[in-house]
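Chain by chain, the residues:
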Amino acid sequence: MNAFVYDETGSLSQPMLHDALLYRIDFGGKQVALHCRAPDGQATRIELHGVAHLFSTGLAEQNIILDICIEEDAGVCSQALNHILPGAGETQQRYRTAVLEKLQQGDLKLIRFSPSYGGEIMVLCEEAVYESDV
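Anyway, here's the lowdown on the structure attached to this text. (Residues numbered from 1 in each chain as written. Predicted model: local features only at pLDDT ≥ 70, side-chain atom pairs only at ≥ 80, totals over all residues. Heavy atoms only, no water.)

Attention now moves to the pattern of salt bridges. This model, assessed by the stated rule, comprises 6 salt bridges. Between Arg112 and Glu71 there is a salt bridge, with its nearest N and O atoms 3.0 Å apart. Residue Arg112 is located in strand β9 (residues 109–117), and its partner Glu71 is located in strand β8 (residues 63–71); the two are separated by 41 residues in the primary sequence. The pair formed by Arg112 and Glu71 is uniform in burial state, with each residue classed as buried. Note that Glu120 and Arg112 form a salt bridge whose closest N and O atoms lie 3.1 Å from each other. Using a relative accessible area of 16% as the deciding quantity, one classes Arg112 as buried. Each of Arg45, Glu47 and Glu131 takes part in one network of salt bridges that share partners. (Salt bridge = Lys/Arg side-chain N within 4 Å of Asp/Glu carboxyl O. Helix = DSSP H or I, 4+ residues; strand = E, 2+ residues; numbered from the N terminus. Buried < 20%, exposed > 50% of the residue type's maximum accessible area, 1.4 Å probe, protein only.)

One pass over the structure, following the stated rule, counts 2 aromatic pairs. Judged by centre distance (6.1 Å) and plane angle (45°), the rings of Phe4 and Tyr130 are tilted. One end of the pair, Phe4, is in the loop between β1 (2–3) and β2 (5–6); the other, Tyr130, is in strand β11 (residues 127–132), with 126 residues separating them in the sequence. Classification of Phe4 by relative accessible area gives buried; the value is 10%. On the basis of relative accessible area, Tyr130 is assigned to the buried category, the value being 10%. (Phe/Tyr/Trp six-rings, centres within 6.5 Å; stacked < 30°, edge-to-face > 60°.)

See below:
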């Protein structure tokens, strides 16, 4: 398995998955595997380990990936956490603050899968790796 490589803006540069078809998602324990096929036919399996939360909206058959980003800006992470972990109570706010601290310390990653078509996926996890031509 290989570690993700991101450019200076936080967008995924390796593996190249722009316009890839997301055709399968497997769940098990605290792991998620996403199976993609690039326009050139190359298959890639993304494994997310230590998944704390997975949030998605609008998933549809034939989801196409526009971009995959790791969110590191505290403001962006805070806004995303309010969306992923809703609730206005004191307990929910304390939990969001604890998760934000884990993100800032590098114990968790916030990975956003933005679609060209289909749904957005946001994942809070400890590690993201991939294997191509699977």
